[in-house]
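Next come the chains, spelled out residue by residue.
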Amino acid sequence: KIILQKTAIFSSLGLMFNMRIGFGKDIHCLKEGIELIIGGVKIPSKIGSYSYSDGDALTHALIDSLLGALALNDIGEHFKDNDIKNYKRSSIEMLKEVKKIIDNSNYKISNIDTYICLESPSLKEYKVQIQNKLSEVLKISPSQISIKAGTNEKMGEVGNSKAIECYAICLLEEKNG
C-alpha cells in the first residue's frame, strides 16, 4: 500500500522512476598454484580460482548481473572463452568495459549486493578492500556496494574447498534529465 502511495505521489508530480534488476552467479574450480583474485583483489592463498581469464568469480557474477539488468545477455557473449584476447585477462578490465556500456545507456548503478561462498581462506579482512576496488572501477560510493562472504559448512564442492561460488544482484535506475 505504501509503495502504491509513493508511486501515485511520484506520478502526480510527473516523476517516474524506471529501475532494472540484474542477477549473476559464477562458480570456478579451485586449484593449487593459481592466484586467488576476488573483486580485483589478490587474496593470499595456496589455492586459486581456475578459469580462462583470471578466475575472478565475484567480478564475473557482477558483470552478469549488470549485463542482465540491461537485458544484454551474459558475460560469455561479450567476453568469449575461445577468444585469445580474453586468455588470462583481468576481470576488472572486463568490468571497466561493462561500465562503459552502462555509462552509454540511460541507466546508472543504484546499488550492488554480493555474496562470496568460499570455505577458506577467510575473507573477513578483505571485504572492505574488495568493496573499495569495485567502487573505484564502477565510480560509485562504497556505500552502494555490499560484500558478504560465508562458507558452505563443509558441504559440496565449495565446502570441500574445490570451488568458489559467487552471487551478485544489482539495481540500475534511469538517469534523470
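In what follows, the accompanying structure is described. Since the structure is predicted, the reported quantities are computational estimates derived from the model, not experimental observations.

Describing the packing of aromatic side chains
Step number 1: Scanning the entire structure with this criterion turns up one aromatic pair.
Step number 2: Arranged with centres 6.3 Å apart and planes meeting at 35 degrees, the rings of Phe 23 and Tyr 167 form a pair that is tilted. Separated by 144 residues along the polypeptide, Phe 23 in strand E1 (residues 19–32) and Tyr 167 in strand E7 (residues 163–174) bring together distant segments of the chain.
Step number 3: Look at Phe 23 and you get exposed, because its relative accessible area is 53%.
Step number 4: Sitting above the plane of the Tyr 50 ring, Lys 31 keeps its charged end 4.4 Å from the centroid.

Comments concerning helix H2 (residues 57–69)
Step number 1: The end-to-end C-alpha separation of H2 is 18 Å, in line with the 18 Å expected for 13 residues at 1.5 Å each.
Step number 2: For H2, the tally of buried residues reaches twelve of 13 residues, placing the bulk of the element in the interior.
Step number 3: Looking one or two residues past H2, Ala 71 carries a phi angle of roughly 60 degrees, positive in sign.

A word on the side chain of Ser 110
Step number 1: Assignment of secondary structure puts Ser 110 in strand E5 (residues 107–117).
Step number 2: A polar atom in the side chain of Ser 110 sits 3.2 Å from the side chain of Glu 173.
Step number 3: When sequence neighbours within four positions are dropped, the list of residues in contact with Ser 110 reads Gln 144, Leu 171, Leu 172 and Glu 173.

Some details on the environment of Lys 127
Step number 1: Structurally, the position occupied by Lys 127 is in helix H5 (residues 127–138).
Step number 2: By relative accessible area, Lys 127 is classed as partly exposed at 29%.
Step number 3: Along the primary structure Lys 127 and Gly 39 are separated by 88 residues, whereas in three dimensions their C-alpha atoms are 9.2 Å apart.
Step number 4: Among residues more than four places away in sequence, those in contact with Lys 127 are Ile 147, Lys 148 and Ala 149.

Thoughts on the nonpolar core
Step number 1: With 41 residues, the main nonpolar core has Ile 38, Leu 66, Leu 95, Ile 116, Ile 130 and Leu 134 as its most contacted residues.
Step number 2: At the level of secondary structure, the elements contributing two or more residues to this core comprise strand E2 (36–38), strand E3 (41–43), H2, helix H4 (91–103), E5, H5, strand E6 (145–150) and E7.
Step number 3: Ranked by the residues each element gives to this core, the list is headed by H2, at eight residues.
Step number 4: Ignoring sequence-local partners within four residues, the contact set of Ile 116 consists of Ile 38, Leu 58, Leu 123, Ile 130, Ile 147, Lys 148, Ala 149, Gly 150, Ile 164, Glu 165 and Cys 166.

Cut-offs applied
- Every chain is numbered independently, its residues counted from 1 as its sequence is written.
- Only residues with pLDDT of 70 or above have their local features reported here, since the model is predicted, and side-chain atom pairs are shown and tallied only from 80 upward, although totals for entire chains, interfaces and linings are computed over all residues.
- To get the side-chain values, take all heavy atoms of the structure and skip hydrogens and water.
- What counts as a ring pair is set by centres within 6.5 Å for rings of Phe, Tyr and Trp (its six-membered ring), and what kind of pair is set by the plane angle: stacked under 30 degrees, edge-to-face over 60, tilted for all other angles.
- The numbering of helices and of strands both runs from the N terminus, where a helix is a DSSP run of H or I of at least 4 residues and a strand a run of E of at least 2.
- In this scheme, a residue with accessible area under 20% of its type's maximum is buried, one over 50% is exposed, and one in between is partly exposed, where area comes from a 1.4 Å probe on protein chains only.
- Comment: the charge-over-ring label is applied if NZ (Lys) or CZ (Arg) is within 6 Å of the ring centre and within 35 degrees of the ring normal.
- Expected span of a helix, by definition, is 1.5 Å for each gap between consecutive residues, and there is one gap fewer than residues.
- Contacts described as polar in this section are N or O atom pairs within 3.5 Å, which, within protein, must combine one atom able to donate a hydrogen with one able to accept it, while residues neighboring in sequence count only if both atoms come from side chains.
- The contact criterion used is simple: two residues touch if any of their non-hydrogen atoms lie within 4.5 Å.
- The criterion is simple. A nonpolar core is a set of buried Ala, Val, Leu, Ile, Met, Phe, Trp, Tyr and Cys residues joined through side-chain atoms within 4.5 Å.

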